[in-house]
Amino acid sequence: MPHPALKSREQPLAFASFRLLRAQKILLENQLPVRIGSRALELLIALVERAGEVVGKNELIACVWPDTVVEENNLRVHISAIRKLLGDGDQGARFIINVAGRGYSFVAPVTRVEEAPSDVRAQVVPSAALPVALTRVVGRDAIVGSVAALLGLHRIVTLIGPGGIGKTTVSLAVADQQMGGAGTRVCFVDLAVVSDPQLVTVAIATAVGGPALMEDVVAALAAYLQPMQLLLIIDNCEHLVAAVAETVEKLLRAAPGLRILATSRERLQAEGEHAVPLAPLRCPDESTTLTVSAALQYSAIELFAERALAAHDAFAVTEQNVTTIAAICRRLDGIPLGLELAAARTGALGLDVLLRSLEQNLTVVSGGRRSVASRHQSLSATLQWSFRLLAPAEQVILRRLSTFRDLFSAQAAIAVAGDGMTGETVVAGLMSLVQRSLLVADTSGPNVRYRLLYVTRAFAAARLAETAEGSAVLRRHADYHCTALQEAERGWDTLTRAEWLTTLDVGMADLRSCLDWAFGPAGDEAIAARLFLASLPIGVHLSLGDFQPRALRILDVLQRQVPPDPAAELRVRTALSVMLMQTGAREDDLRAGIDRMAALAREVGVPKLLCEALCGYAVLALEAADYLGAVQHFELQEDIAKQADDPLAVLVADRLGAQVFHWAGDQRRARARAERVLRNPAAPVPVIYGQGPVDLRVSMRIVLARLAWLEGCADQAREIAASALEIAGSVAPVDVCQALSFASCPIALWRGDREEAQLLVRRLLDESRRHGFTRWYRLALCYQQSLDGHPHEDVAMPVSPLQQDLLSTIDMRWATADVLARASQGRAGWCNAELLRVAGERSRREAQPDARAIAELRFRTALEFARGQGTLAWELRAAVSLASLRVADGHRGEARETLESVCSRFTEGLRTVDYRAAMALMAAL
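Residues numbered from 1 in each chain as written. Predicted model: local features only at pLDDT ≥ 70, side-chain atom pairs only at ≥ 80, totals over all residues. Heavy atoms only, no water.

1. Let's talk about the overall build of the protein chain
When its secondary structure is counted, the protein chain shows 43 helices and 15 strands. Considering only residue pairs separated by 6 or more positions, the protein chain has 67% of its internal contacts joining residues 24 or more positions apart. Surface exposure of the protein chain reaches about 39200 Å², of which carbon and sulfur atoms provide 52%. (Helix = DSSP H or I, 4+ residues; strand = E, 2+ residues; numbered from the N terminus. Contact = heavy atoms within 4.5 Å. Areas by Shrake-Rupley, 256 points an atom, 1.4 Å probe, with all protein chains shown as cover.)

Rendered as structure tokens:
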């Protein structure tokens, strides 16, 4: 039965500093109206009316959404918004609690009060002078507080930023904080409707109720304001900055109680002005792995979710769509207007279609609220307003700059946008565009670089497409980046990769754009070939999506070239082999490619290139779990490297040696070489050696992390793996996937850290899927199956023999007959001892008469193998298996002695699942 109302809804309810006027659907705080959405207000009323009771979730949903089926997520989002608005949790204040499995309860004391006084009612009615927003302000608490504080220090503060960034919203929120001060008035004037500079003073006078028809309006207004304490908000000043600056300077001199908060897309340049740039709302970057709760901590996603809920009752942020929502927010650069307009389209388009539409044009974020100015009803209209204020040359420069997708230098801007203009004109245009908030200046590096926000670039690109010069600008854009990369080649033999990258005036998004154009129908095959070859050092490491088909097309071009260029073909084939390895190509195709690379290297006659080509044979042997064969291939490669009398070639050989010896089970030689590589001052090898798949700093730490685990130093293993992953994150996706696949994920799984393993495996799944690295994605799926408890039998994954060995050390159910056969023959290298133990556990479970004897023999052999290789981690596992068998046979003393001889040698990693199992067994003895 519905709960009976205690009194008529005409009677307000009060709690803390709030008063709830139920009949008028208004919430007041300290007698001032609070911005709250209609559904959130209905929820609040339902809870406050039944304060102290638990109101069921279904009942609340039925109350607020009586005719709509919605998910519980919607309720949680609204409750979270209400809590934030009320200050729930601030200084211990509690308003709404969640009663697990039942619903929500309003726990703050509530009293019934008399009718709201007439002066309060008057304040509730929005005046023409100060608009009251109908929606909650999201993600701006810090800047609102900062601007309010600045107004106490500076008499004129200007909020600056591009259209749609939320300047008006922030200014009104500041006004909310200022209202109610002793004797202080707050007035608001919108100059968007004023086009004549001579009418600025008249507009201000009208807003404050002063004299507007005097001959000298400024003098009359100054006299009118002189005795007042007034905060004057002047909105949308960008098209009248000179007139506004002149007027406010005169008023501030005459009226000591006057403070001004202005909003503009550029500074007023008024005397005493303090400008505050307004940043976009926070968005997660592309590499961030998101949960729903983590996503809603980002203000851009919070705003999008709240506005989408208001527009479409069935909308909810879920684990399935949170990545798409984050991508939409990034695509719109966290611009609040764009987010609100896009959110309003979720019901009609769906999130996936919305994201794809944003990739194409801005029309999807149009059609805003009819109650707002036309320039705020679409992003295009907002930008058109700014575009019309530009000088003709500035409009041309902005259009041409739309070809840039990334940060760019002034030099790049002159090369691409300066056709028919002097360099000075272009630089002046850049400065003007920055000043007008149409271009972002990045001063974080040694040189100033520039960036267009996505929405601005899309608008400018549309304007470029309307002209006849679009194709010529795109060609200049591609030519510039091709030349920049070719000039950078001169530093390949002398600079480290990190140093070389800092010299590049090439953004990765721009490189993709140039390649798209060059390989497209309107492109140029000659530029495509030059650009592709020049981009190989960074293209490989960033996994350009169309790399393989483009590489094949360039190989076709090179094979038709007269005279032939074997060095260029070798470079392309080397890079292609790296990508094919990551994408799970067939071994036959990989081997054919390596054969061709070796032949080309011999033709070129450079030993270090032959050395690098021959590395591929060792890698193929490792993938096939032919560990001894990999050592043999390495030894041949090492001989060539030494004969070349090239220290860097020897360094590359040491890198391969560290990896080969580790997988082959010779951990002493693996450690010596890995540490030698990292100690070498040339370890971050020049780019000419950088077309291998993984940075040396990453690959050697992967080896050392795995070594630490094998040697019984589980805590060190975790730290070194984390270090490798951190470095990999600053290098390339290939590095990240390998650090996760071979170090961070298996070490977490070996340690038994399930929660950490879940996060790492999820990151590997996301990273490998995003970049099309099939090799790593398959392995990540297998890791996930092990965590879920159903490996191999449920879903068989086509992984390499090396990966099968690795998986078998994580969960013995992955161990196939082939895997165990290699171990029985002593050919399982680094994990031979562990696979022998797994074979023993399999024998122990068999019903054959001699099964226990076979199991004991295998456990003893595993112990001896582990001691011989110095792999204390595998020795501990073998000891636990053998001790458990001895306990079952009644030999408890021998079992304890076996465990103590191993456990006593551990100095760390005492919380791993293996060590705890050993200690639990000893305690039971």
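Now that the structure has been shown, the text picks up again.
2. Remarks on the packing of helix α34 (residues 733-751) against helix α36 (residues 774-788)
Across the interface, α34 lies against α36 with an axial gap of 10 Å and an inter-helix angle of 15°. As the angle between them shows, α34 and α36 are arranged roughly parallel. Every pair of crossing elements has a handedness; the one defined by α34 and α36 is left-handed. Seen from α34, the contacting residues are C737, Q738, S741, F742, C745, P746 and L749; seen from α36, they are R775, W776, L779, Y783 and L787. Residue classes in the contact of α34 with α36 are distributed as nine nonpolar, two polar and one charged. (Axes fitted to C-alpha atoms, helices over the stretch in contact; angles between N-to-C directions. Parallel < 35°, antiparallel > 145°, perpendicular 65-115°, else oblique. Left-handed = near helix turned anticlockwise from the far one by under 90°. Nonpolar A, V, L, I, M, F, W, Y, C, P; charged D, E, K, R; others polar.)

3. Details of empty space enclosed by the protein
Counting across every chain of the model gives six cavities of 30 Å³ or more. Here the second largest cavity defines a volume of roughly 60 Å³. Lining the second largest cavity, in full, are W709, G712, A714, A873, L876, F906, E908, G909, T912 and D914. Here the residues of the lining of the second largest cavity are counted per class, giving five nonpolar, three polar and two charged. (1 Å grid on protein atoms, 1.4 Å probe; cavity = no way out; pocket = protein on both sides within 12 Å on 5 of 7 lines; lining within 4 Å. Points joined across faces, edges and corners; volume = space filled by probe spheres on them.)

4. Here's the deal with the pairing of strand β9 (residues 156-160)
Judged by how many residues are buried, β9 sits mostly within the fold: five of five residues are covered. Residues of β9 alternate between two faces, with I156, T158 and I160 on one and V157 and L159 on the opposite face, all of them buried. One ladder, built from five bridges, connects β9 with strand β12 (residues 258-264); its direction is parallel. Of the residues in β12, the one forming a bridge with L159 is T263. Sheet topology places β9 next to strand β13 (residues 273-277); five bridges connect them, and they run parallel. Pairing of V157 across the sheet is with H274, part of β13. (Buried < 20%, exposed > 50% of the residue type's maximum accessible area, 1.4 Å probe, protein only. Pairing = 2+ DSSP bridges.)

5. Points about the sheet that holds β13
Whenever strands of a sheet pair, they do so through backbone hydrogen bonds, lying parallel or antiparallel. Sheet architecture is open: five strands sit in the order β10-β11-β12-β9-β13, paired in parallel fashion. Looking along the sheet, the strands with just one partner apiece sit at the ends: β10 (184-190) and β13. With strand direction ignored, the average angle separating the axes of adjacent strands in the sheet is 15°. In this structure, strand β11 (residues 229-235) lies alongside β12, joined through five bridges in parallel fashion. Residue pairing across strands places L230 opposite L258, the latter belonging to β12. Of the strands in this sheet, β9, β10, β11 and β12 touch helix α6 (residues 167-178), which is tilted by about 160° from β12. Contacts from helix α7 (residues 200-208) reach β10 and β11 within the one sheet, and its direction differs from that of β10 by about 135°.

6. Points about the packing of aromatic side chains
The geometry of two aromatic rings is summed up by the distance between their centres and the angle between their planes. Applying the stated rule across the entire model yields 19 aromatic pairs. Considering the side-chain rings of F519 and F532, the 6.3 Å spacing of their centres and the 80° angle between planes classify their relative orientation as edge-to-face. One end of the pair, F519, is in helix α23 (residues 508-519); the other, F532, is in helix α24 (residues 525-539), and 13 residues separate them in sequence. Residue class for F519 comes out buried when judged on its relative accessible area of 12%. The residue whose ring lies beneath R331 is Y454, and the NZ or CZ to ring-centre distance is 4.7 Å. (Phe/Tyr/Trp six-rings, centres within 6.5 Å; stacked < 30°, edge-to-face > 60°. Lys NZ or Arg CZ within 6 Å of the ring centre and 35° of its normal.)

7. Some thoughts on the pairing of strand β6 (residues 96-99)
Relative to strand β7 (residues 103-106), β6 is paired through four bridges, and the arrangement is antiparallel. Residue pairing across strands places I97 opposite S105, the latter belonging to β7. Where β6 folds back onto β7 in an antiparallel hairpin, the turn is made up of three residues, including G101, whose phi is positive at roughly 75°.

8. Topic: the pattern of salt bridges
For the structure on display, the rule yields 53 salt bridges. E675 serves as the salt-bridge partner of R671, at 3.1 Å between the closest nitrogen and oxygen. Taken together, the positions of R671 and E675, both in helix α31 (residues 667-679) and four residues apart, correspond to about one turn of that helix. Measuring nitrogen to oxygen at the nearest pair gives 3.0 Å for the salt bridge that ties E856 to R860. Here E856 pairs with R860, and both are found in helix α40 (residues 851-869), just four residues apart, close to one helical turn. Each of the salt bridges in this network shares a partner with another, and the network as a whole consists of E834, R837, E841, R844, R845, R877 and D914. (Salt bridge = Lys/Arg side-chain N within 4 Å of Asp/Glu carboxyl O.)

9. Side note on the environment of A598
Topologically, A598 is positioned in helix α27 (residues 587-604). Residues A598 and L609 lie eleven residues apart in sequence; the distance between their C-alpha atoms is 8.4 Å. If we ignore the near neighbours within four places in the chain, the residues touching A598 are L610, A613, L614 and Y617.

10. Topic: the state of the cysteines
Summed over the entire model, instances satisfying the criterion amount to zero disulfides. This cysteine, C329, is not joined by any disulfide, and C283 carries the nearest cysteine sulfur, 5.3 Å off. Overall, the relative accessible area of 0% leaves C329 in the buried class. (Disulfide = S-S within 2.5 Å.)

11. Description of the nonpolar core
Inside soluble globular proteins, nonpolar side chains tend to come together where they are buried. Core analysis: the largest hydrophobic core is formed by 158 residues, its most contacted members being V572, Y783, W830 and W874. Examining the composition of this core, we find that twelve residues originate from one element, α34, more than from any other. Apart from the residues lying within four places of it in its own chain, the contact partners of V572 are F532, L533, L536, A551, I554, L555 and L558. By size, the runner-up hydrophobic cluster in this structure holds 80 residues, among which are L261, V276, A326 and A327. (Core = buried A, V, L, I, M, F, W, Y, C linked by side-chain atoms within 4.5 Å.)

12. Here's the deal with α7
With seven of nine residues buried, α7 lies mostly within the body of the structure. Those residues of α7 not exposed but buried are V200, T201, A203, I204, A205, A207 and V208. In this structure, the buried residues of α7 make contact with β10, α8 (217-225), β11 and α9 (241-254). Looking one or two places after α7, you find G209, whose phi comes out positive at around 80°.

13. Topic: the sheet that holds β7
The strand order across the open sheet built from three strands is β5-β7-β6, with neighbouring strands paired in antiparallel fashion. Only two strands of the sheet have a single neighbouring strand rather than two, namely β5 (55-56) and β6. Direction of pairing for β5 relative to β7: antiparallel, over a ladder of two bridges. Its bridge partner lying in β7, V55 is registered against Y104. Each of β5, β6 and β7 is contacted by helix α1 (residues 38-49), which is oriented at about 70° to β7, the strand it contacts most.

14. Side note on the packing of helix α38 (residues 817-824) against helix α39 (residues 832-844)
Direction vectors running N to C along α38 and α39 enclose 120°, while the axes themselves pass 9 Å from each other. In this structure, the crossing between α38 and α39 has a hand that is left-handed. Contact with α38, carried on its side by V819, L820, R822, A823 and S824, involves N832, L835, L836, V838, A839 and R842 of α39 and no other residues of that element. Partitioned by chemical class, the residues of the contact of α38 with α39 number seven nonpolar, two polar and two charged.

15. Thoughts on the confidence of the model for the protein chain
Across the protein chain, pLDDT averages 84, with 88% of residues at or above 70. Scored below 50 in pLDDT, residues 1-7 makes five contacts in the model with residues more than four places away or belonging to other chains. Every residue in residues 367-377 is under pLDDT 50, and counting partners more than four places away or in other chains gives 21 contacts. (pLDDT = per-residue confidence, 0-100.)

16. Focus on the environment of D735
The residue D735 is located in helix α34 in this model. With relative accessibility at 0%, the residue D735 sits in the buried group.

17. Overview of a nonpolar patch on the surface
Where nonpolar side chains cluster on the molecular surface, the patch consists of I414, V427 and M431 and spans about 240 Å² of accessible area. Within the secondary structure layout, V427 lies in helix α19 (residues 423-435). (Patch = residues over 30% accessible without salt bridge, like charges linked within 9 Å, V, L, I, M, F, W, Y side chains within 5 Å.)

18. What to know about helix α13 (residues 336-343)
Counting buried positions along α13 yields seven of eight residues, so the element is predominantly enclosed. What α13 keeps buried is the set P336, L337, G338, L339, L341, A342 and A343.

19. Considerations on unusual backbone geometry
Residue P563 is reached from V562 by a cis peptide bond, and omega for that bond is -5°. Tracing the backbone through its elements, the reader meets P563 in the loop between α25 (547-559) and α26 (566-582). Even without glycine at this site, D333 takes up a positive phi of about 55°. Relative to the helices and strands, D333 resides in the loop between α12 (322-331) and α13. Among the residues examined, D333 registers a relative accessible area of 16% and is labelled buried. Its identity is not glycine, yet A625 carries a phi of approximately 60°, on the positive side. For A625, the position within the fold is in the loop between α28 (607-623) and α29 (627-643).

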